[in-house]
Amino acid sequence: MPKIKKFSNNVAICVYDVIIIIESWLNDQISDVELALHNSNIFRADRSIKTSAKPTVVFDFGNGDYCPLNNFLTSVDWTTCFNELNLDEKVSLFYDILFDCLDHCVPKKTIKINKHYPRWFNNDLRNLCQQKKLAHSKYKKSGQLEDYVYFKTVNATMTCDPKYFWKFMRDNNKDSGIPNYMSFENKSADNGFDISNFFAACFSFVYVISSTVNFDCVDNGLKVTISDESLFPDLWKNCYVTPIFQSGVKTKVENYRGVCNQLVIPKILDEIVSVQLQWMSSSIICAQQHGFTKGKSSLSNLLIYYSFINKSFQDKIPVDSIYTDFAKVFDRVNHSVLISKLMHLGFILDTIKWLHCFLSDRYQQQVKTGNFISQTFGVISGVPQGSHCGPILFILFINEL
């Protein structure tokens, strides 16, 4: 290990923001502590290893021909297409028509990962590297002074934009990655599919069984019944759940929470509804609520609390503070209790019907970790994390506290 001691003695006397190790003999089996570099950001890059990332085919919307696309969508007789179809069939047909139109009007492109250059190299820098190689090869063959001057000129212009490098560093230093080894309830898994199923089992375990919703309610003095008609398509309820690390040991599944990734169109609808829901709830939500409230935040809450403490000290009044923490609160919202509260708060029947359909019958949830997808599981309680309406509904659920 003489090389390691020599290396660590040379670098440990200085403070570095980041250290890039490209020597193959400094492999990942040698810890950063042994190198005396544990106070620096370490990036290990073995020059003998090539990237194995697969190319991705995506729509090239920047070069799409949108005039015929608009003309085609405008010419479609949507009334005739949707005639005698239920809501789920209408949504499915809409997606079929939309993607068929995109296939004809928007070209596709393949995104490739260049295996010969670092990911922070942009196209200009790659081209300069090629020119530098050609100029150096030409100078070695000819030995002419003008070829050497041209080679030095190209070499001097190779200034890398640092933002590409630091973006690469930030992406690699994020803590959102899932470890290759995870444990759950005294069981362990070291492959992606089993890990995804561990997360699915953990997320589905926290749900509470909601009692049957009493659909009979009073609206404007008349007894009405909420019908079972679908007001939110089942296709839009299907989504992938992404595990987000919270705190504790990163290899324990219990230390993660799930956030649903909605499709684009239902997410837009969710945001539109949330704006109206926020407006209707503004006079209902208690003034002391600072979470998920427009114009307020944890900072405003702390400022009011700090002012209250100072005034109490000045008036020599004792203050007792009680801190509570709710575990898995978004996932444990009882749907029947929430619907009952919305009824008593005075929400109109159509709004309650839509929200009930939005929350219930979410039976096609799947956890996605990387390229691995878990088995489906049902969501029998809670409000969707990652949605716009979810936080507002949760605030209304705990409004009396």
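Criteria and thresholds
- Residues numbered from 1 in each chain as written.
- Predicted model: local features only at pLDDT ≥ 70, side-chain atom pairs only at ≥ 80, totals over all residues.
- Heavy atoms only, no water.
- Helix = DSSP H or I, 4+ residues; strand = E, 2+ residues; numbered from the N terminus.
- Buried < 20%, exposed > 50% of the residue type's maximum accessible area, 1.4 Å probe, protein only.
- Contact = heavy atoms within 4.5 Å.
- Areas by Shrake-Rupley, 256 points an atom, 1.4 Å probe, with all protein chains shown as cover.
- Axes fitted to C-alpha atoms, helices over the stretch in contact; angles between N-to-C directions.
- Parallel < 35°, antiparallel > 145°, perpendicular 65-115°, else oblique.
- Left-handed = near helix turned anticlockwise from the far one by under 90°.
- Salt bridge = Lys/Arg side-chain N within 4 Å of Asp/Glu carboxyl O.
- pLDDT = per-residue confidence, 0-100.
- Patch = residues over 30% accessible without salt bridge, like charges linked within 9 Å, V, L, I, M, F, W, Y side chains within 5 Å.
- Phe/Tyr/Trp six-rings, centres within 6.5 Å; stacked < 30°, edge-to-face > 60°.
- Polar contact = N/O pair within 3.5 Å; in protein donor to acceptor, adjacent residues only side chain to side chain.
- Core = buried A, V, L, I, M, F, W, Y, C linked by side-chain atoms within 4.5 Å.

Within the protein chain, the regular secondary structure consists of 13 helices and 13 strands. When each of the 401 residues of the protein chain is scored for burial, the buried share is 32%. Across the protein chain, every contact between residues at least 6 apart in sequence was considered, and the portion connecting residues at least 24 apart equals 66%. Put simply, the protein chain shows about 26,400 Å² of open surface, and 55% of that area lies on carbon and sulfur atoms.

This brings us to the packing of helix α2 (residues 66–75) against helix α4 (residues 87–105). The N-to-C vectors of α2 and α4 enclose an angle of 155 degrees; their axes lie 10 Å apart at closest approach. Considering the angle they form, α2 stands roughly antiparallel to α4. With respect to the hand of their crossing, α2 and α4 are arranged in right-handed fashion. Counted together, Pro 68, Leu 69, Phe 72 and Leu 73 of α2 and Ile 97, Cys 101, Leu 102 and Cys 105 of α4 form the full contact between these two elements.

What follows deals with the pattern of salt bridges. Tallied over the entire structure, the rule returns 5 salt bridges. Across the salt bridge formed by Lys 108 and Asp 103, the nearest N and O atoms sit 3.9 Å from each other. Under the relative-accessibility criterion, Lys 108 is labelled exposed at 53%. With a shortest N-O distance of 3.7 Å, Asp 234 and Lys 237 are connected by a salt bridge. The class for Lys 237 is buried, based on a relative accessible area of 2%.

Running from N to C, helix α11 (residues 335–345) and helix α12 (residues 349–359) point in directions that differ by 165 degrees, and their axes come no closer than 11 Å. Classified by the angle between their axes, α11 and α12 sit roughly antiparallel to one another. For the pair α11 and α12, the sense of crossing is right-handed. Between α11 and α12, the contacting residues are His 335, Leu 338, Ile 339, Leu 342 and Met 343 on the first element and Ile 352, Leu 355, His 356 and Leu 359 on the second.

Detailed reading of the predicted model is not advised wherever pLDDT is low. For the protein chain, per-residue confidence averages 76 on the pLDDT scale, and residues scoring 70 or more make up 72% of the total. Here residues 1–9 is modelled with pLDDT under 50, and outside its nearest four sequence neighbours on either side it reaches 14 contacts, counting other chains as well. Across residues 23–29 the pLDDT falls below 50, and counting only partners more than four positions away or on other chains, this stretch makes 14 contacts in the model.

Even without glycine at this site, Asn 186 takes up a positive phi of about 65 degrees. Position of Asn 186 among the secondary structure elements: in the loop between β5 (182–184) and β6 (187–189). For Asp 361, which is not a glycine, the phi torsion comes out positive at approximately 60 degrees. Residue placement: Asp 361 occurs in the loop between α12 and β11 (362–369). Of the residues examined, Asp 361 reaches a relative accessible area of 44% and is grouped as partly exposed.

So, on to a nonpolar patch on the surface. Residues Leu 145, Tyr 148 and Val 149 make up a contiguous nonpolar surface patch of about 290 Å² in total accessible area. Looking at the element boundaries, Leu 145 is found in helix α6 (residues 145–156).

Tallying each qualifying case throughout the model produces 15 aromatic pairs. Taking 5.6 Å as the distance between ring centres and 45 degrees as the angle between the ring planes, the aromatic pair formed by Phe 59 and Phe 61 counts as tilted. What makes Phe 61 partly exposed here is its relative accessible area of 44%. Between the aromatic rings of Phe 330 and Phe 394, the centroid separation amounts to 4.9 Å while the plane-to-plane angle is 25 degrees, which identifies the pairing as stacked.

With that out of the way, let us pick up the side chain of Ser 300. Within the secondary structure, Ser 300 sits in helix α10 (residues 298–314). Judged by relative accessible area, which is 18%, Ser 300 ranks as buried. Within the structure, Ser 300 has its side chain in polar contact with the side chain of His 290 (distance 2.8 Å). Within polar-contact distance, the side chain of Ser 300 engages the backbone oxygen of Ser 297 at 2.7 Å.

So, on to the nonpolar core. One finds Leu 277, Leu 338, Leu 342, Val 383 and Leu 393 to be the most contacted residues of the largest nonpolar core, which totals 27 residues. Where this core is concerned, the elements lending two or more residues are α4, α11, α12 and α13 (389–397). In terms of residues, this core owes the most to one element, α13, which gives 7 residues. Excluding residues within four positions of it along the chain, Leu 338 makes contact with Val 333, Leu 359, Val 383, Leu 393 and Phe 397. Grouped together as the second largest cluster of nonpolar side chains are 17 residues, Ala 200, Val 253, Tyr 256 and Phe 377 included.

Here we take up the environment of Arg 257. Here Arg 257 shows up in strand β10 (residues 256–261). Take Arg 257: its relative accessible area is 31%, and that puts it in the partly exposed class. Taking the C-alpha atoms as reference points, Arg 257 and Phe 199, 58 residues apart in sequence, are found 9.0 Å from one another. Those residues within four positions of Arg 257 in sequence are excluded, and the remaining contacts are Phe 203, Thr 242, Pro 243, Ile 244, Gln 246 and Gln 385. There is a polar contact of 3.0 Å between the side chain of Arg 257 and the side chain of Gln 385.

Turning our attention to the environment of Lys 353. Residue position: Lys 353 is located in helix α12. The spatial distance from the C-alpha of Lys 353 to the C-alpha of Ile 339 is 9.1 Å, given a sequence separation of 14 residues.

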